[in-house]
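# Coordinate inspection notes
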Amino acid sequence: MNMTKEEKMKRGQFIKSLGLSTSALMAFYCLGVTMTSCGTSEEDPDPTPGGGTGTGITGTTTGSSINFTIDLTNASYSSLKTAGQFKVIGDVLVAFTSGNTYAALAKACTHEGTTLQYRSANNDLYCSNHLSEFSTNGAVEKGPVTGGTISALKAYKVSLSTDGNTLTVTA
């Protein structure tokens with residue numbers, strides 16, 4: 001569709017016709033840019049921590065009432081059927097330990113809140129920020145190199161279904 005010169009609208013006129021001022025438009029733009037760049041997938045690996053259809057997770061994965069079920073046949077979580085693998089789900093780190101058992105612990109180091117990693121070679125949880133180490137039952141094995149104190153991690157109850165396809169984590 002070709003428009004004649006008389007039919008063309010200037011950008012400012014278009015924005016005014018929408019009922020938005022230039023500053024309002026900039027505020028929406030900045031908010032959108034800020035909101036999408038606030039975090040990384042590493043900080044929140046499960047973008048829908050409450051679960052839902054097709055996510056492989058049902059239940060509560062954050063807060064004080066942790067109670068969720070993981071579908072280990074779901075492509076997002078099937079790696080948890082392999083010893084040495086782990087996933088951070090909401091506020092919880094779930095690992096299939098080198099001892100062929102599951103462990104579920106608070107994901108954040110109690111020193112400064114850094115997200116922990118499971119190290120299968122050491123069968124422990126490791127904080128890359130200040131080098132703290134925790135056992136798979138949550139006990140402190142090594143404190144931070146920068147001083148300060150840390151406490152044990154909150155450990156959660158884990159149960160595997162008889163068919164090995166569903167893992168339940170509860171407080």
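Use the structure listed above.
Residues numbered from 1 in each chain as written. Predicted model: local features only at pLDDT ≥ 70, side-chain atom pairs only at ≥ 80, totals over all residues. Heavy atoms only, no water.

## A closer look at the environment of Leu167
Convention followed: Secondary structure elements are defined from DSSP: runs of H or I of at least 4 residues count as helices, runs of E of at least 2 residues count as strands, and each element is numbered from the N terminus. Accessible area is worked out with a 1.4 Å probe on protein chains only. A residue is then buried under 20% of its type maximum, exposed over 50%, and partly exposed in between. Residue contacts are defined here by distance: any two heavy atoms, one from each residue, within 4.5 Å place the two residues in contact.
With respect to the secondary-structure elements, Leu167 resides in strand β11 (residues 166-170). Here Leu167 falls in the buried class, since its relative accessible area comes to 0%. With 99 residues separating them in the primary sequence, Leu167 and Phe68 have C-alpha atoms 8.4 Å apart. Discounting residues that sit within four places of it in the chain, Leu167 has contacts with Phe68, Thr69, Ile70, Leu72, Val94, Tyr102, Val158, Ser159 and Leu160.

## As for the nonpolar core
Heads up, the rule is: Within this scheme, the nonpolar core is defined by two criteria: the residues are buried Ala, Val, Leu, Ile, Met, Phe, Trp, Tyr or Cys, and they are joined through side-chain atoms within 4.5 Å.
Judged by nonpolar contacts, the single largest core of 16 residues is most densely connected at Phe68, Ile70, Val92, Val94 and Val169. Elements that contribute at least two residues to this core include exactly β2 (67-71), β4 (92-96), β5 (102-106) and β11. Every residue in contact with Phe68, bar those within four places of it in the chain, is listed here: Ile57, Thr58, Gly59, Thr60, Thr61, Ile89, Val92, Val94, Leu167, Thr168 and Val169. With 13 residues, the next largest nonpolar core counts Ala103, Cys109, Cys127 and Phe134 among its residues.

## Concerning the pattern of salt bridges
What counts, and what does not: Should a side-chain nitrogen of Lys or Arg be within 4 Å of a carboxyl oxygen of Asp or Glu, the pair is scored as a salt bridge.
Tallied over the full model, the rule gives two salt bridges. A salt bridge links Arg119 to Asp124; the nearest nitrogen and oxygen atoms lie 2.8 Å apart. Residue classification places Arg119 among the partly exposed positions, given a relative accessible area of 22%. By relative accessible area, Asp124 is classed as buried at 1%. Among the ionic pairs, Arg119 bridges to Glu133, the shortest N-O distance being 3.1 Å. Residue Arg119 is located in strand β6 (residues 117-119), and its partner Glu133 is located in strand β8 (residues 133-135); the two are separated by 14 residues in the primary sequence. Through salt bridges with shared partners, a single ionic network connects Arg119, Asp124 and Glu133.

## Things to note about the environment of Ser120
With respect to the helices and strands, the residue Ser120 is situated in the loop between β6 and β7 (124-126). Remark: the alpha-carbon pair of Ser120 and Gly99, spanning 21 residues in sequence, is separated by 9.2 Å. Residues contacting Ser120, with those up to four places away along its chain left out, are Gly84 and Ser98.

## As for the sheet that holds β11
Keep this limit in mind: Should DSSP find at least two bridges between two strands, the strands are taken to pair. Only the stretch in contact is used when a helix axis is fitted, and all axes are lines through C-alpha atoms; the angle between N-to-C directions ranges over 0 to 180 degrees.
Strand order in this open sheet of seven strands is β1-β2-β11-β10-β5-β4-β3, and the pairing throughout is antiparallel. Looking at strand neighbours, the two that pair on one side only are β1 (57-60) and β3 (86-89), the edges of this open sheet. Within the sheet, the average angular offset between the axes of one strand and its neighbour, ignoring direction, is 20°.

## Here's the deal with the environment of Ser64
You can see Ser64 is positioned in the loop between β1 and β2. With 27 residues separating them in the primary sequence, Ser64 and Asp91 have C-alpha atoms 9.5 Å apart.

## What to know about the packing of aromatic side chains
Convention followed: Pairing of aromatic side chains here covers Phe, Tyr and the six-membered ring of Trp, requires ring centres within 6.5 Å, and sorts the geometry by plane angle: under 30 degrees stacked, over 60 edge-to-face, intermediate tilted.
Enumeration over the complete set of coordinates arrives at one aromatic pair. Ring geometry for Phe96 and Tyr102: centres 4.5 Å apart, planes at 10°, overall stacked. Take Phe96: its relative accessible area is 12%, and that puts it in the buried class.

## As for the pairing of β1
For β1 and β2, the ladder comprises four bridges, and the chain directions are antiparallel. Directly across from Thr58, in β2, lies its bridge partner Thr69. Once β1 ends, the chain turns through six residues before running back antiparallel as β2, passing Gly63 with a positive phi of about 90°.

## Quick notes on the sheet that holds β8
The strand order across the open sheet formed by four strands is β6-β7-β8-β9, and the pairing between neighbours is antiparallel. Two strands in the sheet have a free side with no partner beyond their single neighbour: β6 and β9 (140-142). Neighbour to neighbour, the strand axes of the sheet diverge by 35° on average, direction disregarded. One ladder, built from three bridges, connects β7 with β8; its direction is antiparallel. In the sheet register, Tyr126 faces β8, and the bridge partner there is Glu133.

Take it as geometry only, folks, not as evidence of what the structure does.
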